[in-house]
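Secondary and tertiary structure notes
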Amino acid sequence: SGKESPIRILLINNLIGSLVSIPLIWLVWIPPTIIQWLMLLAIGAIMVTAQYLNILAMQRADASFVAPFWLITPFFACVFDFTIFNTVVSSLTAMGMLLILVGGWMVYRSG
C-alpha cells in the first residue's frame, strides 16, 4: 500500500473478486427488487469506503498497529446483526470470536 495508489488497489482487488464471483453467481441468481438494488448500492459504497480507509491506515501506520483492529471485526459484525436484524450470536460463534481475540492477544503479548 506504500507504492500503489489506494484507488488502483481497490480497482484491482475488486476486479479480481468480481471475476471470481461472476461465473458462480449465475448458479443462484435471483433478480433483486428496486429496494434491494438500493440496499446493495449502499452496502457497496460502505464497503468500498471501508476498504479505502483500511488501505490509508496501512499506508500511514505499521501493520503491527493496524492488524489487531481486524480482530474485532467479528465482534462488531455480531453487534450490528443484533442491532439491525435482532440476531443473537450462537455459542459456537461466541467461542470462535473468543478464540480469535485470545489468539490475537497472545500474538500481541509475544511481540
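All of these numbers come straight from a predicted model, not from anything done at the bench.

Here we come to the overall build of the chain. Secondary structure summary: the chain contains five helices and zero strands in total. Across the chain, helices and strands are ordered from the amino to the carboxyl terminus as α-α-α-α-α. In terms of C-alpha radius of gyration, the chain reaches 17 Å, well past the compact-globule figure of 13 Å for 111 residues. With respect to the three principal axes, the spread of C-alpha positions in the chain is 50 × 40 × 25 Å. Once local pairs closer than 6 in sequence are excluded, the contacts in the chain between residues at least 24 apart make up 58%.

A surface patch of nonpolar side chains, amounting to about 1000 Å² of accessible area, comprises F65, F69, I72, F75, F76, V79, F80, I84, F85 and L101. Of all elements in the fold, only helix 3 (63-70) and helix 4 (73-85) reach the threshold of two or more residues within the nonpolar patch. With six residues, the single largest contributor to the nonpolar patch is helix 4. By secondary structure assignment, the location of F76 is in helix 4.

Before going further, it helps to examine the environment of G17. With respect to the secondary-structure elements, G17 resides in helix 1 (residues 6-25). Sequence spacing of G17 and M97 is 80 residues, and the spatial spacing of their C-alpha atoms is 25 Å.

A full pass over the atoms with the stated rule returns one salt bridge. Among the salt bridges present, the one from R8 reaches E4, with a minimum N-O distance of 2.9 Å. Residue classification places R8 among the partly exposed residues on the basis of a relative accessible area of 48%. Residue E4 is classed as partly exposed on the basis of its relative accessible area, which comes to 36%.

Next up on the list: the packing of aromatic side chains. Geometry of an aromatic ring pair is reported as the spacing of the ring centres plus the angle between the planes. Tallied over the full model, the rule gives three aromatic pairs. Consider the rings of F75 and F76, whose centres lie 5.5 Å apart with planes at 70°: the pair is edge-to-face. Relative accessible area serves as the criterion here: at 42%, F75 is assigned to the partly exposed category. A network of ring pairs unites the aromatic residues W26, W29 and W37 as a single cluster.

The next subject is the packing of helix 4 against helix 5 (residues 91-110). For the pair helix 4 and helix 5, the least separation of the axes is 9 Å and the interaxial angle reads 150°. When the axis of helix 4 is compared with that of helix 5, the two are roughly antiparallel. Residues P74, F75 and C78 of helix 4 pack against T93, M97 and I100 of helix 5.

Cut-offs used in this document
- All residue numbers refer to positions counted from 1 along the written sequence of the respective chain.
- Side-chain atom pairs in this predicted model are given and counted only at pLDDT of 80 or more, local residue features only at pLDDT of at least 70, and totals for whole chains, interfaces and linings cover all residues.
- Computation of side-chain values covers all heavy atoms of the structure but excludes hydrogens and water.
- The secondary structure listing takes helices from DSSP runs of H or I that are at least 4 residues long and strands from runs of E that are at least 2 residues long, numbered from the N terminus.
- Each radius of gyration reported is based on C-alpha atoms, and the globular scaling rule is 2.2 Å times the count of residues to the power 0.38.
- Throughout, a contact is declared for two residues whenever any of their heavy atoms are within 4.5 Å.
- What goes into a patch is any residue over 30% in relative accessible area without a salt bridge, connected to like charges within 9 Å or, for nonpolar side chains (Val, Leu, Ile, Met, Phe, Trp, Tyr), within 5 Å.
- With residues, only the protein chains shown are counted as cover, and all accessible areas are computed by Shrake-Rupley using a 1.4 Å probe.
- Whenever Lys or Arg places a side-chain nitrogen within 4 Å of a carboxyl oxygen from Asp or Glu, that contact is recorded as a salt bridge.
- Think of it in three bands: with a 1.4 Å probe and only protein chains considered, a residue is buried below 20% of the maximum accessible area for its type, exposed above 50%, and partly exposed in between.
- Whether two aromatic rings pair depends on their centres lying within 6.5 Å, for rings of Phe, Tyr and Trp, where Trp uses its six-membered ring; planes under 30 degrees apart make the pair stacked, over 60 edge-to-face, and the rest tilted.
- The axes are straight lines fitted to the C-alpha atoms, using for helices just the contacting stretch, and the angles between their N-to-C directions are given from 0 to 180°.
- The cut-offs work like this: below 35 degrees is roughly parallel, past 145 is roughly antiparallel, 65 to 115 is roughly perpendicular, and the gaps in between are oblique.

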